[in-house]
Amino acid sequence: MKKTWMGLFLVLLAISLAACGSGSNNAAPTSSPTGSGNTNSAQSSEPVEIEFWNIWGGELIDTLVNEYNSSQDKVKVKAVYVQNSYEGIVEKLQVQAAAKKLPDIVSNGLLYTSFANDVMKAVPLEPFIEQDSYDMSDFFPTMLELGKNDQGQLIGLPYGISTPILYYNADHFKTAGLDPENPPQTWEEFAAVAKQLTSDGHYGASVPIDFGWLYQALMETYGGSMMSEDKKAVGLDSEASVNAVQAVTDLVITDKSMPLLQLQQTFEAMAKGDVSMLANTTAGLGQILPTAQFDLRTAPFPTFEGKRVVPAGGANLMIFTQDPAKQEAAWDFMKFMIDPQRTVQISKSTGYMVSRQSALDDPEMQKFLEENPVYKATYEQIDEMVPWFNFPGSGGTRIQKIITDQVQAALQGQKTAEEAMKEAAKQANALIES
């Protein structure tokens, strides 16, 4: 989930852009998707050309796209790398929506599922699945939930999913007289261990909860909810939320076991050995492993009072085109990309999770996990995965910026945790009511 994080908080286009977008969410293919190599109409021998917007680019995506294009002659995919991660895609989608030139298939960040549904009118996939008799039973149920809109329609399929895990420096554990075979399992233990590890010029821990995804993970683990059941008020000022923010604030201000770092800096600090523990996305393995000169290990996200909640990061593949032939072509390419073999490839390359049980059980994947046990932790908590919460309304994503600003105020000692989260709730509720 490598991101340019400042882009996360740009204000999204008003809902009125939906009229300039791509039509009804009830759109269905006018003819049956028939599998790889059978997506063209009888009237044309030319391949259907589609664009695939993605945030990865590079050798992996180029290899996969070239492999698909070489496997058949009915569809030609052009991979389009979009800078600034999922936020960059959202910004570019807004521009293309205004010009009525939406891309065909996109890797859309999970924070923007509601945006894709409400504003961009992502195409529901059930008609393709049903007409193609595509077997969905192999997907992890919690991952399929990530691609559903509020009406229960499946508008995206998981591709590159992550959860927050605990990274730790086993060498630092040994030096501090701690057992690296027994990392902290609870947040209470985490705080105590972080204090013991803080020495010799390095800090014990980093928990960047000013990023809304990790804030959600911790506050829901502490028993909170992002919103009330009736979706009329946020839960940012709940006791659980305040306690979660206070726990991390104590690491910074009271225990002095955590430095204040930007999100990207936390990966760098972990890789350099400047911090001994890091709670962050499993997708960070691709950034930490290449330069870590120590015994790097991972464990599941710590619990609080026996509870663990891990929101999913990463992306869904979504179809935005309203052209029937391109819809079928995009669906055919989507099936190729979510095939077990391909999901194993991206997992091994990036640290993202495979999305299917058969991919996890694949001998190649099992061998990889045995040889690289740091990739295992995220699968131990797959049943505790929940969607990355999307606040409702056209101003919903602005609430992520509010969370960041107020949590940072608490971490910097400018406000108490309670003051900060009450202010966050006040500003967020005003946006939801507007």
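Residues numbered from 1 in each chain as written. Predicted model: local features only at pLDDT ≥ 70, side-chain atom pairs only at ≥ 80, totals over all residues. Heavy atoms only, no water.

**Student:** Would you mind showing me how to read the nonpolar core here?
**Tutor:** A general trend in soluble globular proteins is that nonpolar side chains are found buried together. The biggest cluster of nonpolar side chains holds 147 residues, and the ones touching the most others in it are F52, Y215, L236, M277 and F333. Ignoring anything within four residues of it in the chain, the contact list for L236 reads Y215, S241, F391, I399, I403, M421, A424, A425 and A428. (Core = buried A, V, L, I, M, F, W, Y, C linked by side-chain atoms within 4.5 Å. Buried < 20%, exposed > 50% of the residue type's maximum accessible area, 1.4 Å probe, protein only. Contact = heavy atoms within 4.5 Å.)

**Student:** I keep staring at the pairing of strand β1 (residues 48-54) and nothing clicks. Help me out?
**Tutor:** The side chains of a regular strand alternate, first on one face of the sheet and then on the other. Most of β1 is tucked away: five of the seven residues are buried. Sheet topology places β1 next to strand β2 (residues 75-81); seven bridges connect them, and they run parallel. Bridge assignment links I50 to a residue of β2, and that residue is V77. Considered for its hand, the β-α-β crossover made up of β1, helix α1 (residues 58-71) and β2 is right-handed. Two elements, β1 and strand β3 (residues 105-109), share two bridges in a ladder whose sense is parallel. Each bridged residue has a counterpart across the sheet, and for W53 the counterpart in β3 is V106. (Helix = DSSP H or I, 4+ residues; strand = E, 2+ residues; numbered from the N terminus. Pairing = 2+ DSSP bridges. Right-handed = clockwise from strand over helix to strand, strands pointing away.)

**Student:** Please explain the packing of helix α16 (residues 398-411) against helix α17 (residues 417-433) as it appears in this structure.
**Tutor:** When two helices pack together, you describe them by how their axes are tilted relative to each other and by the distance separating the axes. Interhelical geometry of α16 versus α17 gives an angle of 165° and a closest axis separation of 8 Å. In terms of orientation, α16 and α17 fall into the roughly antiparallel class. Seen along the crossing, α16 lies across α17 with a hand that is right-handed. Where α16 abuts α17, its residues R398, I399, I402, Q406, V407 and A410 lie against A417, A420, M421, E423, A424, Q427, A428, L431 and I432. (Axes fitted to C-alpha atoms, helices over the stretch in contact; angles between N-to-C directions. Parallel < 35°, antiparallel > 145°, perpendicular 65-115°, else oblique. Left-handed = near helix turned anticlockwise from the far one by under 90°.)

**Student:** In this structure, what is going on with the side chain of Q381? I would like to understand it.
**Tutor:** With respect to the helices and strands, the residue Q381 is situated in the loop between α15 (363-371) and β10 (385-386). What makes Q381 buried here is its relative accessible area of 0%. For Q381, the side chain forms a polar contact with the side chain of T163, separated by 2.9 Å. (Polar contact = N/O pair within 3.5 Å; in protein donor to acceptor, adjacent residues only side chain to side chain.)

**Student:** Would you take a moment to explain helix α2 (residues 85-98) for this structure?
**Tutor:** For an α-helix, 3.6 residues make a turn, and residues three or four places apart therefore share a direction. Under the 1.5 Å per step criterion, the end-to-end length of α2 is 21 Å for 14 residues, consistent within 8% with the ideal 20 Å. Along α2, the positions that sit buried rather than exposed are S85, Y86, E87, G88, I89, V90, L93, Q94 and A97. Of the surrounding elements, those touching the buried residues of α2 are β1, β3, α3 (113-118) and β9 (313-319). Within two residues after α2, K100 carries a phi angle of roughly 60°, on the positive side. (Expected span 1.5 Å × (residues − 1).)

**Student:** Would you mind going over the pattern of salt bridges with me for this structure?
**Tutor:** Pairs can form between side chains of opposite charge whenever their charged atoms are close. Here the structure, examined in full by the defined rule, presents 12 salt bridges. Two residues, E384 and R308, come together in a salt bridge whose shortest N-O distance is 3.1 Å. One end of the pair, E384, is in the loop between α15 and β10; the other, R308, is in the loop between β7 (296-300) and β8 (310-311), and 76 residues separate them in sequence. Among the residues examined, R308 registers a relative accessible area of 18% and is labelled buried. Note that K401 is salt-bridged to D405, the shortest N-O span being 2.8 Å. Residue K401 and its partner D405 are located together in helix α16, separated by four residues, close to a single helical turn. (Salt bridge = Lys/Arg side-chain N within 4 Å of Asp/Glu carboxyl O.)

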